[in-house]
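The primary structure of each chain is shown beneath.
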2 protein chains.
Amino acid sequence: MMKRTVVLLSGGVDSTTTLAVARQRGFETYALTFRYGQRHEAEVEAARRVARALGAARHEVVTIDLRAFGGSALTADIAVPKDRVVADIGKGIPVTYVPARNTIFLSYALAWAEVVGAQDIFIGVSEIDYSGYPDCRPEYIGAYERMANLATKAAVQGQKLKIHTPLIHLSKGDIITMGQSLGVDYALTLSCYDPATDDTACGRCDACTLRRKGFEAAGVADPTRYRVV
Amino acid sequence: MMKRTVVLLSGGVDSTTTLAVARQRGFETYALTFRYGQRHEAEVEAARRVARALGAARHEVVTIDLRAFGGSALTADIAVPKDRVVADIGKGIPVTYVPARNTIFLSYALAWAEVVGAQDIFIGVSEIDYSGYPDCRPEYIGAYERMANLATKAAVQGQKLKIHTPLIHLSKGDIITMGQSLGVDYALTLSCYDPATDDTACGRCDACTLRRKGFEAAGVADPTRYRVV
């Protein structure tokens, strides 16, 4: 039987590339997407397209209720910042930061991994071009893994859980180069924090800015449909 | 301004006592309850009664979607075990174990704590009478706290998060004795894994068995309405 892994899949460049890496490493992939806050069906649809294209064994979409707490431009009524230059992205923590987001996402992944008998979780965090989120750093991931190995019945019974971060040291350009070599079709993906109902990207939020820069750095034509060019 | 804390509140004996302890220690309390799996409105209603009686500043009920994953008698279609003797409860991990439950609960608590500016979280876990759940052990809580202190913007900015476990070394009897001294009305609480629609407890699941034993050990009259006596 193929080893199973849970892969966190938002439908953007990073998580899509991560899913391709997990598949290439021989895992049967269980893709996990979250529906939360204001990023709605466009993102979920991108994740569905990607999961299908990359042959995920299962794809679950879990709705989580972070709006009750507020506190982020991605979950509350705060404007997404636009037109910031690359040099400013990653300085400090932006308002698009979602409190404890990766901690919540990994906790659901941990639960699902235990249920399907997976000892591996893939998450597409990068400490380069990481938009200044504390829960994208390797020391955070290491601490999460140590906690997870005390948290579950599986761990108590000796099944060691491993969190894979294949992008952790890669720039956006490197990620796209790697994904190209794995045959990823980035036209399926969506990165924008503020997509229109026709799925076009705003071209101006931090996620669009980093995405554009990544395609430029990789020397790959950007397949994104931007509203503002 | 009073220091704020998030308190995980299921509406059972342990979390209710924990909320009373947090209040006694001078915190403004933000009570957090989860609606998940088959334990439904009876549990949530108990939590609402308790939050009101113990003067919580806010009470949020968050719905979480663990049934998509299955894997537990509390979230999937597996029978809750009945009539086990106390000596057998805590030997091994029962089918009522919910994968990564406290990890998910604490992750939402961490998010809410950050949003309301709380540096403290209270959780009513006990390593005594703990039903054999790995995520009730002190080493797990310690690892969670270390991870949390790397996870958030608040932590990166130097606000240290503390997870309080005031019941960790207490038996159910000790917990009830302490709650009595704090004026807790346990008639408001609900522990049963399998309550009837009229809120009566089954009297036979592990939670009922431990609860009965606790009142006996504390020498306190048990206010619970059991279906089976």
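Right, let's walk through the structure included here. Source: prediction; values computed, not measured.

So, the overall build of chain A
And then number 1: When you go through chain A residue by residue, the secondary structure sums to seven helices and five strands.
And then number 2: Listed N to C, the secondary structure of chain A is β-α-β-α-β-α-β-α-α-β-α-α in terms of helices and strands.
And then number 3: Looking at chain A as a whole, 54% of its 229 residues qualify as buried.
And then number 4: In chain A, the share of contacts with a sequence separation of at least 24, taken over all contacts with a separation of at least 6, comes to 73%.

Quick word on the sheet that holds strand β5 (residues 162-164) of chain A
Residues and elements named next belong to chain A.
And then number 1: Taken in spatial order, the five strands line up as β3-β2-β1-β4-β5 in an open sheet, and their pairing is parallel. Either end of the sheet is taken by a strand with one partner, and the two such strands are β3 (58-63) and β5. Each neighbouring strand pair of the sheet contributes to a mean axis angle of 25°, computed without reference to strand direction.
And then number 2: Inspection of the sheet shows strand β2 (residues 28-35) paired to β3 by six bridges, in the parallel sense. Across the sheet, residue Phe 34 finds its bridge partner in β3, namely Val 62.
And then number 3: Sheet strands touched by helix α1 (residues 13-24): β1 (4-8), β2 and β4 (120-122). Its angle to β1, the strand with the most contacts, is close to 170°.

Describing the relation of the copies chain B and chain A
One copy of the chain maps onto the second through a rotation around an axis plus a translation along that axis.
And then number 1: The transformation that overlays chain B on chain A combines an axial shift of 0.0 Å with a rotation of 180°, and the residual RMSD is 0.0 Å. Such a combination of rotation and displacement between the chain copies is what one expects of a two-fold axis.
And then number 2: The share of interface residues of chain B whose copies in chain A are also at the interface is 100%, consistent with both copies meeting through the same surface.

Description of the environment of Val 115 of chain B
Residue and element names in this part refer to chain B.
And then number 1: With respect to the helices and strands, the residue Val 115 is situated in helix α3 (residues 101-116).
And then number 2: C-beta crowding within 10 Å serves as the criterion here: with 21 such atoms nearby, Val 115 is assigned to the buried category.
And then number 3: Separated by 39 residues in the primary sequence, Val 115 and Ala 154 place their C-alpha atoms 9.2 Å from one another.

Quick notes on unusual backbone geometry
Residues and elements named next belong to chain B.
And then number 1: You will see that Ala 100, though not glycine, has its phi angle at about 60°, which is positive.
And then number 2: Summarising the element assignment, Ala 100 is placed in the loop between β3 (58-63) and α3.
And then number 3: Despite not being glycine, Asp 199 has its phi angle at roughly 75°, a positive value.

Topic: helix α6 (residues 172-181) of chain B
All names here are of chain B.
And then number 1: If you check which residues of α6 are buried, you get Lys 172, Ile 175, Ile 176 and Gly 179. On an axial view of α6, the arc spanned by its buried residues comes to 95°, and they lie on one face.
And then number 2: Elements in contact with the buried residues of α6: α1 (13-24) and α7 (206-218).
And then number 3: Remark: Gly 183 follows α6 within two positions and exhibits a positive phi of approximately 80°.

Description of the sheet that holds strand β2 (residues 28-35) of chain B
Working definition: the strands of a sheet are paired by backbone hydrogen bonds and lie parallel or antiparallel to each other.
Residues and elements named next belong to chain B.
And then number 1: Strand order in the open sheet formed by five strands is β3-β2-β1-β4-β5, and the pairing between neighbours is parallel. The sheet is open, and its two borders are formed by β3 and β5 (162-164), each paired with just one other strand. Across this sheet, the average inter-strand angle for adjacent strands is 25°, counted without regard to direction.
And then number 2: Of the strand pairs in this sheet, strand β1 (residues 4-8) and strand β4 (residues 120-122) are connected by two bridges, and their pairing is parallel. When the bridges of β4 are listed, Val 6 appears paired with Ile 121.
And then number 3: Packing of helix α2 (residues 41-53) onto the sheet brings it into contact with β2 and β3, and relative to β2 it is tilted by some 175°.

Considerations on the interface of chain B and chain A
And then number 1: Taken together, the contact between chain B and chain A spans 36 residues of the former and 36 residues of the latter.
And then number 2: Broken down by element, the residue count for the side of chain B that touches chain A peaks at nine residues, all from α3 of chain B.
And then number 3: For the side of chain B that touches chain A, the class distribution of residues is 23 nonpolar, six polar and seven charged.

Regarding the packing of helix α6 (residues 172-181) of chain A against helix α7 (residues 206-218) of chain A
All names here are of chain A.
And then number 1: One can describe the packing of α6 onto α7 by two numbers: an axis separation of 7 Å at closest approach and a directional angle of 65°. In the crossing of α6 with α7, the sense of the turn from one axis to the other is right-handed. On the side of α6, the interface is formed by Lys 172, Gly 173, Ile 175, Ile 176 and Thr 177, while α7 contributes Leu 210, Arg 211, Lys 213, Gly 214, Phe 215, Ala 217 and Ala 218.
And then number 2: Taken together, the residues that form the contact of α6 with α7 break down as six nonpolar, three polar and three charged.

Overview of the environment of Thr 33 of chain A
And then number 1: Its location among the elements puts Thr 33 of chain A in strand β2.
And then number 2: When residues no more than four places from it in sequence are discounted, the contact partners of Thr 33 of chain A are Leu 9, Ser 10, Gly 11, Val 44, Ala 47, His 59 and Val 61 of chain A.

Section: the packing of helix α3 (residues 101-116) of chain A against α3 of chain B
How two helices pack is summed up by the angle between their axes together with the distance between the axes.
And then number 1: Contact geometry of α3 of chain A with α3 of chain B gives a least axis separation of 9 Å together with a crossing angle of 170°. Overall, the two elements α3 of chain A and α3 of chain B adopt an arrangement that is roughly antiparallel. Judged by residue contacts, Thr 103, Ile 104, Ser 107, Tyr 108, Leu 110 and Ala 111 of chain A of α3 of chain A engage Thr 103, Ile 104, Ser 107, Tyr 108, Leu 110 and Ala 111 of chain B from α3 of chain B.
And then number 2: When grouped by side-chain class, the residues that make up the contact of α3 of chain A with α3 of chain B number eight nonpolar, four polar and no charged.

Focus: the pairing of β2 of chain B
Residues and elements named next belong to chain B.
And then number 1: Of all eight residues that make up β2, six are buried, and the element is covered over most of its length.
And then number 2: As paired elements, β1 and β2 share five bridges and run parallel to each other. Across the sheet, residue Leu 8 finds its bridge partner in β2, namely Leu 32.

Quick word on the environment of Arg 48 of chain B
Residue and element names in this part refer to chain B.
And then number 1: Summarising the element assignment, Arg 48 is placed in helix α2.
And then number 2: On the neighbour-count criterion, Arg 48 (19 C-beta atoms within 10 Å) is partly exposed.
And then number 3: Taking C-alpha positions, Arg 48 is 7.7 Å from Gly 11, a pair spaced 37 residues apart along the chain.

Reading the values: the criteria
- Residues numbered from 1 in each chain as written.
- Chains lettered and ligands numbered in written order.
- Predicted model: local features only at pLDDT ≥ 70, side-chain atom pairs only at ≥ 80, totals over all residues.
- Helix = DSSP H or I, 4+ residues; strand = E, 2+ residues; numbered from the N terminus.
- Buried ≥ 20, exposed ≤ 12 C-beta atoms within 10 Å, placed from the backbone.
- Contact = placed C-beta atoms within 7 Å.
- Pairing = 2+ DSSP bridges.
- Axes fitted to C-alpha atoms, helices over the stretch in contact; angles between N-to-C directions.
- Least-squares fit on C-alpha atoms with pLDDT ≥ 70 in both.
- Arc of directions from axis to C-beta.
- Nonpolar A, V, L, I, M, F, W, Y, C, P; charged D, E, K, R; others polar.
- Left-handed = near helix turned anticlockwise from the far one by under 90°.
- Parallel < 35°, antiparallel > 145°, perpendicular 65-115°, else oblique.

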